Amino acid sequence: MLFTFNEKSQETCIRIDIKDKEKKEKKEKKEKKEKKEKKTSSIHLFLDKWREQYDKKIKFSFIIDTSLLTSPSVKDCYTAIKFIRKIKKEKTQYLQYSIIIINNYTVRNMLFYIFKIQKPVAPVFIVKNLEIAESLNTNINISGLSSNLVTCFCEVHEVLYISNKVDPDNYVIDKTLEAVDTIDDSIQALQALVD
């Protein structure tokens, strides 16, 4: 997966485009592996930018466009899970929310798989295209994350919402069921990748 920062990014809203690596780049990667040269993965650029915002102590949000991604890297997803787990331990969370553009079934399932293993740092909105993402971002900036306007917008545009909260009343039950679901889903996901 290639992570690129969009030129329209601002300090408070960072736009990331994620797409598949080209076949040529995959071939070059194999050649470099043979030479045993280590190269920083593209996901590390994204995670470094995330960490940089925390170091600056600036509240921010992400708009992540995966519309050109067809086959996500399991290794990069695992790296993201470890990073999210680590950053959730911070006392102050500067990431306010993320809006992710997904129009691919495989990418959506991989994202849900990630969030079953590790809850997100901040609320996540999943939208179908960039136009809806930008409108949602504008609505959140105008009226706030939990406003009626944002709730109505999400219902009208069929935006999926993933909370970063854990239900304290059913915490033990949720964790047990989540573990069972994760094991089942992991086996199915790995079988699908092998096939």
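To keep things clear, this report deals only with the structure shown in the data block. (Residues numbered from 1 in each chain as written. Predicted model: local features only at pLDDT ≥ 70, side-chain atom pairs only at ≥ 80, totals over all residues. Heavy atoms only, no water.)

1. What about empty space enclosed by the protein?
In this structure the tally under the stated criterion is 1 cavity of 30 Å³ or more. If you add up the space inside the largest cavity, you get close to 430 Å³. Class assignment for the residues of the lining of the largest cavity results in 25 nonpolar, 2 polar and 1 charged. (1 Å grid on protein atoms, 1.4 Å probe; cavity = no way out; pocket = protein on both sides within 12 Å on 5 of 7 lines; lining within 4 Å. Points joined across faces, edges and corners; volume = space filled by probe spheres on them. Nonpolar A, V, L, I, M, F, W, Y, C, P; charged D, E, K, R; others polar.)

2. Some points on the packing of aromatic side chains
This model, assessed by the stated rule, comprises 9 aromatic pairs. Ring plane angle 85° and centroid distance 5.4 Å describe the contact between Tyr54 and Tyr94, whose orientation is recorded as edge-to-face. Placement of Tyr54 in helix α2 (residues 42–56) and of Tyr94 in the loop between α3 (74–87) and β4 (95–101) is noted, with a sequence separation of 40 residues between them. The exposure classification of Tyr54 matches that of Tyr94, with both residues buried. Taking 5.2 Å as the distance between ring centres and 80° as the angle between the ring planes, the aromatic pair formed by Phe60 and Phe62 counts as edge-to-face. What makes Phe62 buried here is its relative accessible area of 1%. (Phe/Tyr/Trp six-rings, centres within 6.5 Å; stacked < 30°, edge-to-face > 60°. Helix = DSSP H or I, 4+ residues; strand = E, 2+ residues; numbered from the N terminus. Buried < 20%, exposed > 50% of the residue type's maximum accessible area, 1.4 Å probe, protein only.)

3. Section: unusual backbone geometry
At Lys57, a position not held by glycine, the phi torsion is positive, near 60°. Among the structural elements, Lys57 can be located in the loop between α2 and β3 (60–68).

4. Brief notes about the nonpolar core
If you look at soluble globular proteins, the nonpolar side chains tend to sit buried side by side. Counting 32 residues, the largest nonpolar core has Phe46, Trp50, Tyr54, Phe60, Phe62 and Leu95 as its most contacted members. Among the secondary structure elements, those contributing two or more residues to this core are β2 (13–19), α2, β3, α3, β4, α4 (105–117) and β5 (124–127). Here this core takes 6 residues from α3, the largest share from any one element. Once residues lying within four places of it in the same chain are set aside, the contact partners of Phe62 are Ile14, Ile16, Phe46, Trp50, Leu95, Tyr97, Ser98 and Ile99. If you look at the next biggest cluster of nonpolar residues, it comprises 15 residues, including Ile101, Val127, Leu136 and Val150. (Core = buried A, V, L, I, M, F, W, Y, C linked by side-chain atoms within 4.5 Å. Contact = heavy atoms within 4.5 Å.)

5. Quick word on helix α6 (residues 148–156)
For α6, the set of buried residues is Val150, Phe153 and Cys154. The arc that holds the buried residues of α6, viewed along the axis, is 100°, so those residues lie on one side. Projecting away from the buried face of α6 at angles above 90 degrees are the exposed residues Asn148, Glu155 and Val156. With its phi angle positive at about 50°, Glu158 sits one or two positions after the end of α6. (Arc of directions from axis to C-beta.)

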